[in-house]
Amino acid sequence: MADFPRSLIEFQRRFPDERACAAYLAQVRWPDGFRCPACGHAKGWELVGKAFTRECAGCGRQTSVTAGTVMHASKLPLTVWFWAAYLMATHSNGIAALQLQAQLGLGSYKSAWLLCAKLRRAMVAPGRAPLAGLVEIDETAIPLHRRDEPPAGGQGRSRQGKMLVAGGVEVHGGGPGRVRLATIADFSARSLHAFVEANVAPGATARTDGWGGYPGAPGVTHDPHVIGPMAAHIVLPWTHRVFANLKAWALGVYHGLRQQHLQSYLDEFTFRFNRRRTRHAAFRSLLGIGVARMPTTYNMLIRPEATA
Ligand SMILES: [Zn+2]
């Protein structure tokens, strides 16, 4: 694979039109030349009337270069998908739907939002490995978007306009490795144990601030540091830094996070953090290249709980 574009100008030269994008997809899909996914035959024709589809010379099956990617059956041009994924993967803060609409000249906010949502959904790799080794674990409360704040004196779903988040950060040789973030209902042992069980590998060592909710998490050695709140950033420097970055990002890019989509924003932050040194891989995973994935429908996106 040729070097990945490092600038907007390089990107524009590399992917100027539909054909260039399709050629890239074909190259990733069939690095050694076309191979029919049905019968394994190595000979196929590009169809003239059907864009970017090859027909197998053996069994006649037609395979599109976008099959299995997030772009499949989309009405948007491949160039729009490529640009959106590139901007989302390379902007260190990500890009909101409104900016994307303006930058790509998209006709409606809804299609820009849908594009962002589909790319964001690709940010959780199926079967990703849990955190391992030494893992800092902590919890925090982050402010809600103003529109999601409960009315004064009313019975809000959240606590004083905040959402609770648990986080884990691998520590490798004094620096941060991968991150996981999840919404939690409360700071109870039950909620925190569920977070540890879902995100930390058996045999790992969990370093915490000694809060009573952590001991007894299944399969994990507990390394509690009982401290006053002032010293937490010394014992758990990386979770504290990640939480601080998360809050600044939420305010800066989204003006606070909406409750309904909180987990998907946490997934976006995690994705960008974990691929901060591999933007090329980020671009490809966003487009679903090389990843088998079920197509995402509009309903799955607006009702995330239906598919969680
Ligand atoms: Zn075939």
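This section reports on the structure supplied with the text. (Residues numbered from 1 in each chain as written. Predicted model: local features only at pLDDT ≥ 70, side-chain atom pairs only at ≥ 80, totals over all residues. Heavy atoms only, no water.)

## Topic: the sheet that holds strand β4 (residues 134-143)
Applicable threshold: A pair of strands counts as paired when DSSP detects no fewer than two bridges linking them. Counting from the N terminus, the helices are DSSP H or I runs at least four residues long and the strands are E runs at least two residues long. Note on method: axes are straight lines fitted to C-alpha atoms, helices fitted across the in-contact stretch only, with angles between N-to-C directions ranging 0 to 180 degrees.
One open sheet accounts for five strands, arranged β6-β5-β4-β7-β8; its pairing is mixed. Strands with a single pairing partner mark the edges of an open sheet, and in this sheet they are β6 (175-183) and β8 (221-224). Taken pair by pair, the neighbouring strands of this sheet meet at an average axis angle of 30°, ignoring direction. The pairing of strand β7 (residues 205-208) with β8 spans four bridges and is parallel.

## Remarks on the pairing of β6
Remark: a regular strand shows side chains that alternate across the two faces of the sheet. Two strands pair when backbone bridges link them, and strand β5 (residues 162-172) and β6 are joined in this way by seven bridges, in the antiparallel orientation. If you follow V165 over to β6, its bridge partner there is T183. The antiparallel pairing of β5 with β6 creates a hairpin that spans two residues between the two strands, and G173 there sits at a positive phi of about 50°.

## Describing unusual backbone geometry
Using the following cut-off: To sort residues, take the accessible area from a 1.4 Å probe on protein chains only and compare it with the maximum for the residue type: under 20% means buried, over 50% means exposed, and anything in between is partly exposed.
Non-glycine residue A73 carries a positive phi angle of around 65°. Position of A73 among the secondary structure elements: in the loop between β3 (62-64) and α3 (78-90). Classification of A73 by relative accessible area gives exposed; the value is 72%.

## Here's the deal with α3
Quick reminder of the rule: What a helix is expected to span follows from its residue count: subtract one and scale by 1.5 Å.
Over its 13 residues, α3 extends 18 Å from the first C-alpha to the last, a length consistent with the 18 Å expected when each residue adds 1.5 Å. Summarising burial for α3: twelve of the 13 residues are buried, a large majority. Every buried residue belonging to α3 is among L78, T79, V80, W81, F82, W83, A84, A85, Y86, L87, M88 and A89, and all of these are buried.

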